[in-house]
Amino acid sequence: MIRAYKFLMRPTVGQVHALAEMLRDHCSLYNGALQERRDAYRHVSKTTVRYGRQSAQLKEIRAFDPDRQGRWSFSSQQATLRRLDKAFAAFFRRVESGETPGYPRFRGVNWFDTVDFPKDGDGCRWDSTPHDPVTRVRFQGVGHVRVNQHRPVVGKVKTVSVKREGKRWYVILTAEQPEPEPLPATGSVVGIDMGIANFLADSGGEFVPNPRHGRKAAAKLEAAQQALSRCKRRSNRRRKAVRRVADLHRKVRRQRLDHAHKTALNLVREHDFIAHEDLKIRNMMRTPTPRPDPDRPGGFLPNGAGAKSGLNKSINDAGWGVFLTILTSKAESAGREVIAVDPRNTSRACPPCGHIAKENRPTQETFHCVACGHKAHADTVGAINVLRAGLARRNARKG
C-alpha cells in the first residue's frame, strides 16, 4: 500500500530564495506550455499539442535558458507538464459529460505552490545525509534542506514533492509499504450518522460534538479580510494582510483535520465494522434554483437561498468529506471494514416497527413514531438504521 508523509522543512534564507525561484520557473513553464496549446488550437489548422511533444521540447528550453530552466530537475519539469496535461484531460472529460468545463487557467506566481519529483533519487534525495543525526532532503539547484521529521518513514520512498504554504515549506513523501498488521478484533459494530448540531451520532447512543472551528474563527477572519480590503495594491501592508488571512484559514484547516483524525482513530480502534451514510455532499450544497415572479417581470420570489447559504457554511465547517476519507484510509490500514449505505429514510424509519413517515421526526432532534410511539434522539435512530442497512449489505456481499 502507498502512504503519504508530510514534514515541515527548515530552509536557510538562501534556500528559501532558491525554492521560491524553483516555484517561479516551474510556474513559467506551466504557463508557457498552456499558452502554446491555446495558440496552436486558435491557429487555422486547429493543431492539438500534447504532453509528448511538449516534453520533447524541454531539452531545447533548458539549453536556451540555462540560468533558469536549466537549473532544475528534468523529471520535475516533466511532472509539471503532466499536471497541465491532466488539467486538459479533466477539461475534455467535463465537456463530454455535459458538466461545467472550466478551461485550464494561467497560474500566478502566488498560486503555484507545489513541485513534484516523480522518483526519489532523480533530482531529489530523501534522507540525503544519513550520517547526520538531522534529516535532510536534497533538491537539485537548492541543496540539502533540513527537515523536521516528527515520525519515522516506513517503506521505500517513491515520490517527493515540495510545497509552500504561506511562509512555511513542506516536503511530502509517498512510500510503498507492506500490508500492515490488522488491529485485534473487538467484536463491535457501529453505525454513524453525520450531522450539524453534533458532528456524528453512533448507534450506541453516543455523540461527538461539532467543534465548529470555522464559526469560532469567523470574527477574526472577517476583521482580517476587511483589513485586507483597505490595503493598497502592491504594498507591504497588503502582503502582510494577505499572509494574516492565509494563516487564519490554515489554522482552521489544520484544526479540522486534527479533529477528523482523532475521531476516525477512535472509531477504528473500537469497532470492527463501521457503516456510514453515502453522502453526496456536492449535491447537498447546490444553491436553490431561482423562482421568477410571474407578476413582476425581472423579479424573483423567495427561494430560501439565505437559509441554504447558512446550511452550506455549516456543512463546510463540519468537514464531512475529509472525515469520511480519513476514516476509510485508517480502516483499511487497521483491517477494519467500512460500508457506505443509502441515506434515504434513515432518519424517518422507526427501528422497532419499521414504520416510515416524515411525521416521525417532528423536530431536528426528536424522533417520535406515529405508529408505535417509540421515542429517541433522531440522530441515534438514523445511526441505528444506517448500521442495519450496512450489515444487510455486508451479508448480501458474502452471499
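Everything here concerns the structure above.
Structural notes, computed from the coordinates.

Rules used throughout
- Along each chain, residue indices are assigned from 1 in the same order as the chain's sequence is written.
- Selection of residues for local features in this predicted model requires a pLDDT of at least 70, selection of side-chain atom pairs for listing and counting requires 80 or more, and totals for whole chains, interfaces and linings are taken over all residues.
- The side-chain figures draw on all heavy atoms in the structure; neither hydrogens nor water molecules are used.
- Helix and strand assignments come from DSSP, with helices taken as H or I runs of at least 4 residues and strands as E runs of at least 2, each series counted from the N terminus.
- Exposure is judged per residue with a 1.4 Å probe applied to protein chains only, and the accessible area is read against the type maximum: over 50% gives exposed, under 20% gives buried, and values in between give partly exposed.
- Residues are treated as being in contact if the distance between any of their heavy atoms lies within 4.5 Å.
- Using a 1.4 Å probe, accessible areas were evaluated by the Shrake-Rupley method; residue-level cover was limited to the displayed protein chains.
- Only four residue types enter the tally: Lys and Arg on the positive side, Asp and Glu on the negative side; His and the chain ends are excluded.
- In plain terms, the charge of a residue is placed at NZ if it is Lys, CZ if Arg, CG if Asp and CD if Glu.
- One requirement defines pairing of two strands: DSSP has to find at least two bridges between them.
- Lines fitted to C-alpha atoms define the axes, with helix axes restricted to the stretch in contact, and inter-axis angles between N-to-C directions lie between 0 and 180 degrees.
- Helix span, as expected, comes to 1.5 Å for every residue beyond the first.
- For the purposes of this section, nonpolar cores are sets of buried Ala, Val, Leu, Ile, Met, Phe, Trp, Tyr and Cys residues that join through side-chain atoms within 4.5 Å.
- Salt bridges, as used here, are contacts in which a Lys or Arg side-chain nitrogen is within 4 Å of a carboxyl oxygen on Asp or Glu.
- Reported orientations rely on four angle classes, namely roughly parallel under 35 degrees, roughly antiparallel over 145, roughly perpendicular from 65 to 115, and oblique for the rest.
- Take the far helix as your reference; a near helix turned counterclockwise from it by less than a right angle gives a left-handed crossing, and one turned clockwise gives a right-handed crossing.
- Only centres within 6.5 Å qualify two rings of Phe, Tyr or Trp (six-membered ring in Trp) as a pair; their planes then separate them into stacked at under 30 degrees, edge-to-face at over 60, and tilted for everything else.
- Think of it as a cone above the ring: NZ of Lys or CZ of Arg counts as a charge over the ring if it is within 6 Å of the ring centre and within 35 degrees of the ring normal.
- Any pair of nitrogen or oxygen atoms within 3.5 Å is treated as a polar contact; in protein, a donor-acceptor pairing is required on top of that, and neighbouring residues in sequence qualify only through side-chain atoms on both sides.

Moving on to the overall build of the protein. A count of helical and extended segments in the protein gives eleven helices and 16 strands. By principal-axis analysis of the C-alpha atoms, the protein measures approximately 80 × 65 × 45 Å. Here the protein holds 399 residues, and the buried ones make up 38% of them. Across the protein, the fraction of contacts at a sequence separation of at least 24, relative to all contacts at a separation of at least 6, is 63%. Per element, the accessible surface of the protein, about 23500 Å² overall, is 52% carbon and sulfur. Looking at the protein, you have 73 positive and 39 negative side-chain charges, and the mean spots of the two groups are 6 Å apart.

This next bit is on the sheet that holds strand β1 (residues 2-10). One open sheet accounts for seven strands, arranged β2-β6-β7-β1-β5-β4-β3; its pairing is antiparallel. With one partner strand each, in any of the chains shown, β2 (114-117) and β3 (124-126) form the two edges of the open sheet. Averaged over neighbouring strand pairs, the angle between their axes works out to 30° when direction is ignored. Sheet topology note: the β2/strand β6 (residues 156-165) ladder contains four bridges and is antiparallel. Note on β6: the bridge partner recorded for Asp-116 is Ser-161.

This brings us to helix α4 (residues 74-97). Along an α-helix, residues three or four positions apart point the same way, because every turn accommodates 3.6 residues. For α4, spanning 24 residues, the distance from its first C-alpha to its last is 35 Å, which sits close to the expected 34 Å at 1.5 Å a residue. Buried residues of α4: Ser-75, Ser-76, Gln-77, Gln-78, Ala-79, Thr-80, Leu-81, Leu-84, Phe-88 and Phe-91, and no others.

Most often, soluble globular proteins have nonpolar side chains that are buried together. With 36 residues, the main nonpolar core has Met-9, Phe-139 and Val-171 as its most contacted residues. Take this core: its biggest share by element is nine residues, from helix α1 (residues 13-42). Judged by nonpolar contacts, the second largest core, of 20 residues, contains Ala-260, Ile-274, Leu-279 and Ala-334.

The next subject is the pattern of salt bridges. In a structure, side chains of opposite charge can pair up when their charged atoms sit close to one another. Summed over all chains, the structure comprises 21 salt bridges. One salt bridge in this structure joins Asp-379 and Arg-361, with 3.6 Å as the shortest N-O distance. Of the two residues, Asp-379 is situated in helix α11 (residues 378-398) and Arg-361 in the loop between β14 (337-341) and β15 (366-368); the sequence distance between them amounts to 18 residues. Salt bridges here are not isolated pairs; linked through shared partners, they connect Lys-6, Lys-163, Glu-165, Asp-247, Arg-250 and Arg-253.

Along the chain, Gly-191 turns up in strand β8 (residues 189-194). Considering only alpha carbons, one finds Gly-191 and Asn-385, 194 residues apart in sequence, at a separation of 7.7 Å. What Gly-191 contacts, discounting residues up to four positions off in sequence, is Ala-201, Asp-202, Ser-203, Ala-275, Ala-383, Val-386 and Leu-387.

The next thing to look at is the packing of helix α7 (residues 236-270) against helix α10 (residues 320-334). The geometry of a pair of packed helices is captured by two quantities: the angle between their axes and the separation between those axes. Packing of α7 against α10 brings their axes to within 9 Å, and their N-to-C directions diverge by 40°. It follows from the interaxial angle that α7 and α10 lie oblique. Here the hand of the crossing between α7 and α10 comes out right-handed. Counted together, Leu-257, Ala-260, His-261, Thr-263, Ala-264, Leu-265, Leu-267 and Val-268 of α7 and Val-322, Phe-323, Ile-326, Leu-327, Lys-330, Ala-331 and Ala-334 of α10 form the full contact between these two elements.

Another aspect to go through is the packing of aromatic side chains. Scanning all chains against the criterion turns up nine aromatic pairs. Centroid distance Phe-117 to Phe-139: 5.3 Å. Interplanar angle 35°. Geometry classified as tilted. Taken together, the residues Phe-117 in strand β2 and Phe-139 in strand β4 (residues 136-139) connect sequence positions 22 residues apart. Each member of the pair Phe-117 and Phe-139 is classed as buried. Here a set of aromatic residues connected by ring pairs shows up, and it is made of Phe-88, Phe-91, Phe-92 and Tyr-103. Over the face of the ring belonging to Tyr-170 we find Lys-6, whose NZ or CZ atom lies 4.6 Å from the ring centre. The ring centre of Tyr-30 lies 5.1 Å from the NZ or CZ of Arg-107, which sits over that ring.

Keep in mind that most residues, glycine aside, have a negative phi and that most peptide bonds are trans. The backbone of Lys-46 shows a phi angle near 55°, a positive value even though the residue is not glycine. Summarising the element assignment, Lys-46 is placed in the loop between α1 and α2 (51-56). Taking the relative accessible area as the measure of exposure, Lys-46 reaches 49% and is therefore partly exposed. Even without glycine at this site, Asn-345 takes up a positive phi of about 65°. In this fold, Asn-345 is placed in the loop between β14 and β15. You can call Asn-345 partly exposed: its relative accessible area is 38%.

Now for the side chain of Thr-135. With respect to the element layout, Thr-135 can be found in the loop between β3 and β4. Within the local environment of Thr-135, its side chain forms a polar contact with the side chain of Gln-149, the two groups lying 2.7 Å apart. With near-sequence residues (within four places) excluded, Thr-135 lies in contact with Trp-126, Asp-127, Val-145, Arg-146, Val-147 and Gln-149.

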